[in-house]
Each structure stands twice: as structure tokens, then as C-alpha cells.
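Descriptive structure summary
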Amino acid sequence: MFQALSECNHAVIHSKDEAELLHAICRIVVDVVGYRMAWVGYAEEDREQTVTPVAKHGYEKDYLETVRFTWQAAEREGVPTGT
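Definitions and limits used
Residues numbered from 1 in each chain as written. Predicted model: local features only at pLDDT ≥ 70, side-chain atom pairs only at ≥ 80, totals over all residues. Heavy atoms only, no water. Helix = DSSP H or I, 4+ residues; strand = E, 2+ residues; numbered from the N terminus. Expected span 1.5 Å × (residues − 1). Buried < 20%, exposed > 50% of the residue type's maximum accessible area, 1.4 Å probe, protein only. Arc of directions from axis to C-beta. Contact = heavy atoms within 4.5 Å. Salt bridge = Lys/Arg side-chain N within 4 Å of Asp/Glu carboxyl O.

Another aspect to go through is helix H1 (residues 2-14). With 13 residues, H1 ought to run about 18 Å at 1.5 Å a step, and its terminal C-alpha atoms sit 18 Å apart, in line with that. Every buried residue of H1 is accounted for by Ala4, Cys8 and Ala11. Within H1, the buried residues cover an arc of 60 degrees as seen down the axis, which keeps them to one side. Projecting away from the buried face of H1 at angles above 90 degrees are the exposed residues Phe2 and Ile13. Those residues of H1 that are buried lie in contact with helix H2 (18-33).

So this is what it looks like as C-alpha cells:
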């Protein structure tokens, strides 16, 4: 776990922009921590309250392209995307 923290700190310091940082963190979560997939999404303030994936790493077999994420009712229903 300390290796993951160290690599995340390195990514914070050396990333050129936010997108590069988010991709690096996803890679660390998969390659160092051991998750099969990691992704980051932004909660949009649109009518559907969409969550738009902006970074990913690992095995996902088109998962993020085939599933529609929202945070509309997710928070009260306990769905992880809403939190």
C-alpha cells in the first residue's frame, strides 16, 4: 500500500495536467493495488445528472461505453456511482 501512495504522490508532482493525473491514479490502482479496473467520472449538472467517465485503466471490455451512469437517485439508493 505504501508503494501505491508513493506512486500517487509522484503522479501528483509530475503530471502535466488533470487528465494525466487521473489516468495515472487509475493505472496505480490497477497495477499496484491489484484491482481489475479503475475509473474516474465527473458528475454533470445536466437534467439527467449524468456521470461522464474521464479516465480508466484495466480490464473493462467496453463496460464504460455500454453502461449509462447517473447520480440522480443513486445516492439515496446506495449505488456507488451516486456517492
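Taken as a whole and judged by the stated rule, the model has three salt bridges. Glu7 is the salt-bridge partner of Arg27, the closest N and O atoms lying 3.6 Å from each other. One end of the pair, Arg27, is in helix H2; the other, Glu7, is in helix H1, with 20 residues separating them in the sequence. Under the relative-accessibility criterion, Arg27 is labelled partly exposed at 31%. By relative accessible area, Glu7 is classed as partly exposed at 23%. For Lys56, the salt bridge identified is with Glu65, shortest N-O distance 2.9 Å. Its relative accessible area of 33% is what places Lys56 among the partly exposed residues. Overall, Glu65 belongs to the exposed group, its relative accessible area being 52%. One continuous salt-bridge network, built from bridges that share partners, spans Lys56, Glu60 and Glu65.

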